[in-house]
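Close look at the chain arrangement
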There are 2 protein chains.
Amino acid sequence: MAELRETILRTSLELFEQKGFHGVTVNQIVAASNTSKGGFYHHFQSKDELLFVIHDTFITYVLKEAKAANEIHRSPIKKIQSIIKAFVKVFDLYKPHISVFYQESNYLKPEYEEQIKRKRDAFKQMVFQVIEEGQETGDFRKELPMEITGMAILGMVNWIYKWYSRDGKYTIDEIADVYVDIILHAVLTTNSVHEENLQSQMLERPFFTNEK
Amino acid sequence: MAELRETILRTSLELFEQKGFHGVTVNQIVAASNTSKGGFYHHFQSKDELLFVIHDTFITYVLKEAKAANEIHRSPIKKIQSIIKAFVKVFDLYKPHISVFYQESNYLKPEYEEQIKRKRDAFKQMVFQVIEEGQETGDFRKELPMEITGMAILGMVNWIYKWYSRDGKYTIDEIADVYVDIILHAVLTTNSVHEENLQSQMLERPFFTNEK
DNA sequence: ATTTAGAGACCGACTGGTTGGTCTGTATTG
DNA sequence: CAATACAGACCAACCAGTCGGTCTCTAAAT
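As the structure is a prediction and not an experimental result, all values here were calculated from the model.

1. Quick look at the relation of the copies chain B and chain A
Laying chain B over chain A is done by rotating through 180° and shifting 0.0 Å along the axis; what remains is an RMSD of 0.1 Å. On the angle and the small slide along the axis, the relation comes out as a two-fold axis. Closest approach to the rotation axis within chain B is made by the C-alpha atom of Met156 of chain B, at a distance of 2.0 Å. A share of 100% of the interface residues of chain B reappears at the interface of chain A, consistent with the copies meeting face to face through the same patch.

This is the structure we're talking about:
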């Protein structure tokens with residue numbers, strides 16, 4: 001028998017994704033989860049805690065992935081490839097979480113908000129860091145301001161939650177490969193634009209995933 | 001003396017930007033606008049209408065800009081430069097509108113939602129269209145799937161609302177130039193990568209704006 | 001010039017319905 | 001027999017929207 005807590009999380013996520021956090025009442029969640037007010041408040045302190053838990057699971061996962069990708073490789077090129085691939089793939093696993101997150105993150109209670117913000121910033125800094133490294137090694141074009149480039153990359157990937165669907169025309173791996181290709185073409189110096197850094201990527205099977 | 005309607009729009013926009021549509025009550029809007037419930041409902045049918053008006057002004061503007069940019073130029077390279085520059089600059093003019101839009105668009109009443117959706121789709125199709133043209137003329141790399149590339153561009157730019165600030169390190173024009181540079185490097189074929197299409201852009205003053 | 005009539009702008013107490021959360025009670029488990 | 005897990009009636013707060021009424025300004029009537 002499934003734990004009620006998990007059932008509530010799963011069910012509410014679906015509702016939130018369609019109607020948004022404010023568009024769903026506790027009573028609706030309770031009905032859809034086949035339980036009662038009592039059941040709900042036995043497992044959660046408040047409706048806000050639900051929102052926090054959803055945010056936190058996804059953020060924690062992304063951060064963990066990025067750290068791993070960052071540690072496995074040495075060269076900035078490989079690093080950014082890994083991070084982006086992992087990052088893009090997260091949208092396949094956690095799309096509902098992410099949708100809710102980006103639509104309601106500014107309703108989080110301050111106590112919760114701070115925790116989330118810290119993890120998000122850590123991730124952002126990793127991306128900035130890699131760009132800086134790449135510019136120092138001469139692999140990435142120095143004329144691109146790091147912050148703007150970083151935000152361009154983050155935006156491009158984050159936006160995926162708005163349009164990606166598992167039944168869509170392209171798989172998440174195809175999308176990830178195209179994104180890596182676009183970003184590398186954008187940031188690599190002409191010296192670094194070689195077959196082994198680019199085209200190969202579009203054919204090769206994922207070189208870094210979490211599936212075993 | 002300022003029209004009350006305009007005052008309400010301006011004031012509520014500020015509140016919405018910080019707290020979100022659902023985080024602000026009509027009473028708060030009324031208080032911040034130095035008016036009353038009666039004054040509010042004399043000018044607006046409902047709170048939802050406010051949301052619609054905010055969405056519509058910004059969407060209408062973006063679409064108009066893109067159409068103009070599209071008609072002025074012939075070559076896909078120039079077209080995409082124009083569209084992106086205009087698109088990026090919109091975030092300087094309408095950042096509060098856009099913030100509200102992306103955080104609460106799924107709470108729009110169906111009647112309102114349809115109108116907005118139509119205009120958004122029209123804009124998206126224009127971007128897709130230009131990419132396709134560029135691939136046909138041989139200016140853009142054919143190996144990039146149009147839809148993915150288009151969404152990458154849209155995401156990259158749309159995300160600006162999350163981080164751009166007028167007092168930030170970079171002006172909107174600098175950001176626009178970098179974005180154009182990034183996107184052109186990403187999509188142009190090696191044949192088309194010439195000085196006149198790229199670097200020049202980073203120095204040149206805006207070649208297409210609405211200011212006279 | 002003065003009065004009158006009416007329309008549009010605006011006020012604010014009030015309401016009907018909704019919502020997150022509580023509390024007492026019951027079943028189930030170890 | 002605890003202790004945990006859940007049920008569901010209930011409540012206080014809140015909030016969008018209403019409605020009767022006032023104030024102001026214009027324009028026609030006298």
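2. What to know about the packing of helix α9 (residues 172-187) of chain A against helix α9 (residues 172-187) of chain B
In contact at an axis separation of 7 Å, α9 of chain A and α9 of chain B are set at 115° when each is read in the N-to-C sense. Judged by the angle between their axes, α9 of chain A and α9 of chain B are roughly perpendicular. Crossing hand, α9 of chain A versus α9 of chain B: right-handed. Touching Ile182, His185 and Ala186 of chain A of α9 of chain A are Ile182, His185 and Ala186 of chain B, all from α9 of chain B. Tallied by class, the residues present in the contact of α9 of chain A with α9 of chain B amount to four nonpolar, two polar and no charged.

3. What about the UniProt feature "DNA-binding region" (unreviewed entry) in chain A?
Under the UniProt annotation, "DNA-binding region" (unreviewed entry) lies at residues 25-44 of chain A. Regarding residues 25-44 of chain A, the helix share stands at 70% and the strand share at 0%, and the terminal C-alpha atoms are separated by 14 Å.

4. Section: the nonpolar core
Within the largest apolar cluster, 142 residues are counted, with the highest numbers of intra-cluster contacts made by Val88, Phe123 and Tyr179 of chain A together with Val88, Phe123 and Tyr179 of chain B. Dropping the residues within four chain positions of it, Tyr179 of chain B is found in contact with Ile148, Met151 and Ala152 of chain A together with Ile84, Val88, Met156, Val157, Ile160 and Trp163 of chain B.

5. Looking at the protein's contact with DNA strand C
Near DNA strand C lie 15 residues; those nearest to it are Lys37 and Lys47 of chain A together with Thr35, His42 and His43 of chain B. When atoms of DNA strand C within 4 Å of the protein are split into backbone and base, the sugar-phosphate part holds 58%. Taking Lys37 of chain A, its side chain carries an N or O atom lying 2.3 Å from a base oxygen of DNA strand C. A distance of 3.2 Å separates a base oxygen of DNA strand C from a polar backbone atom of Gly38 of chain B. Residue assignment for the surface near DNA strand C shows that the elements contributing at least two residues are α3 (37-43) of chain A together with α3 (37-43) of chain B. Top contributing element to the surface near DNA strand C by residue count: α3 of chain B, with five residues. In the surface near DNA strand C, the residues fall into four nonpolar, eight polar and three charged.

6. Some details on the packing of aromatic side chains
Scanning all chains against the criterion turns up 23 aromatic pairs over all chains. Between the aromatic rings of Phe87 of chain A and Phe91 of chain A, the centroid separation amounts to 5.8 Å while the plane-to-plane angle is 50°, which identifies the pairing as tilted. Of the two residues, Phe87 of chain A and Phe91 of chain A are both situated in helix α5 (residues 76-93); the distance of four residues between them amounts to about one turn of the helix. Per residue, the accessibility class of Phe87 of chain A equals that of Phe91 of chain A, and both read buried. Ring centres of Phe101 of chain A and Tyr102 of chain A lie 4.8 Å apart, and the angle between their planes is 70°; this geometry places the pair in the edge-to-face category. Joined through ring pairs, the aromatic side chains of Phe58, Phe101, Tyr102, Trp159 and Tyr161 of chain A together with Phe58, Phe101, Tyr102, Trp159 and Tyr161 of chain B make up one cluster. In this structure, Lys47 of chain A is placed above the aromatic ring of Phe21 of chain A, and the distance from its NZ or CZ to the ring centre is 4.4 Å.

7. Observations regarding the interface of chain B and chain A
Of the residues lining the interface, 40 residues belong to chain B; the matching set on chain A comes to 40 residues. Carbon and sulfur atoms supply 64% of the area buried between chain B and chain A, which totals about 3,400 Å² over both sides. Of all residues in chain B, Tyr107, Ile148 and Trp159 of chain B bury the most surface against chain A, accounting for 20% of the area lost on that side. One can count four salt bridges joining chain B with chain A. Between Lys169 of chain A and Glu147 of chain B there is a salt bridge; the shortest N-O distance is 2.9 Å. Where chain B meets chain A, there are 16 residue pairs in polar contact (both at pLDDT 80 or more). Secondary-structure elements contributing two or more residues to the side of chain B that touches chain A are α1 (4-19), α6 (95-104), α8 (146-158), α9 and α10 (199-203) of chain B. The element contributing the most residues to the side of chain B that touches chain A is α8 of chain B, with nine residues.

8. With respect to the packing of helix α8 (residues 146-158) of chain A against α9 of chain A
Residue and element names in this part refer to chain A. α9 packs onto α8 with a crossing angle of 165° between their chain directions and a minimal axis gap of 12 Å. Relative to α9, the element α8 lies roughly antiparallel. Crossing of α8 over α9 shows right-handed handedness. Here Thr149, Ile153, Met156 and Val157 of α8 come into contact with α9, specifically with Tyr179, Ile182, Ile183 and Val187. Partitioned by chemical class, the residues of the contact of α8 with α9 number seven nonpolar, one polar and no charged.

Reading guide: rules and limits
Residues numbered from 1 in each chain as written. Chains lettered and ligands numbered in written order. Predicted model: local features only at pLDDT ≥ 70, side-chain atom pairs only at ≥ 80, totals over all residues. Heavy atoms only, no water. Least-squares fit on C-alpha atoms with pLDDT ≥ 70 in both. Contact = heavy atoms within 4.5 Å. Axes fitted to C-alpha atoms, helices over the stretch in contact; angles between N-to-C directions. Helix = DSSP H or I, 4+ residues; strand = E, 2+ residues; numbered from the N terminus. Parallel < 35°, antiparallel > 145°, perpendicular 65-115°, else oblique. Left-handed = near helix turned anticlockwise from the far one by under 90°. Nonpolar A, V, L, I, M, F, W, Y, C, P; charged D, E, K, R; others polar. UniProt positions renumbered as here; feature names shortened; annotations may be inferred. Core = buried A, V, L, I, M, F, W, Y, C linked by side-chain atoms within 4.5 Å. Buried < 20%, exposed > 50% of the residue type's maximum accessible area, 1.4 Å probe, protein only. Near = heavy atom within 4 Å. Polar contact = N/O pair within 3.5 Å; in protein donor to acceptor, adjacent residues only side chain to side chain. Phe/Tyr/Trp six-rings, centres within 6.5 Å; stacked < 30°, edge-to-face > 60°. Lys NZ or Arg CZ within 6 Å of the ring centre and 35° of its normal. Buried area = accessible area lost by both parts, 1.4 Å probe. Salt bridge = Lys/Arg side-chain N within 4 Å of Asp/Glu carboxyl O.

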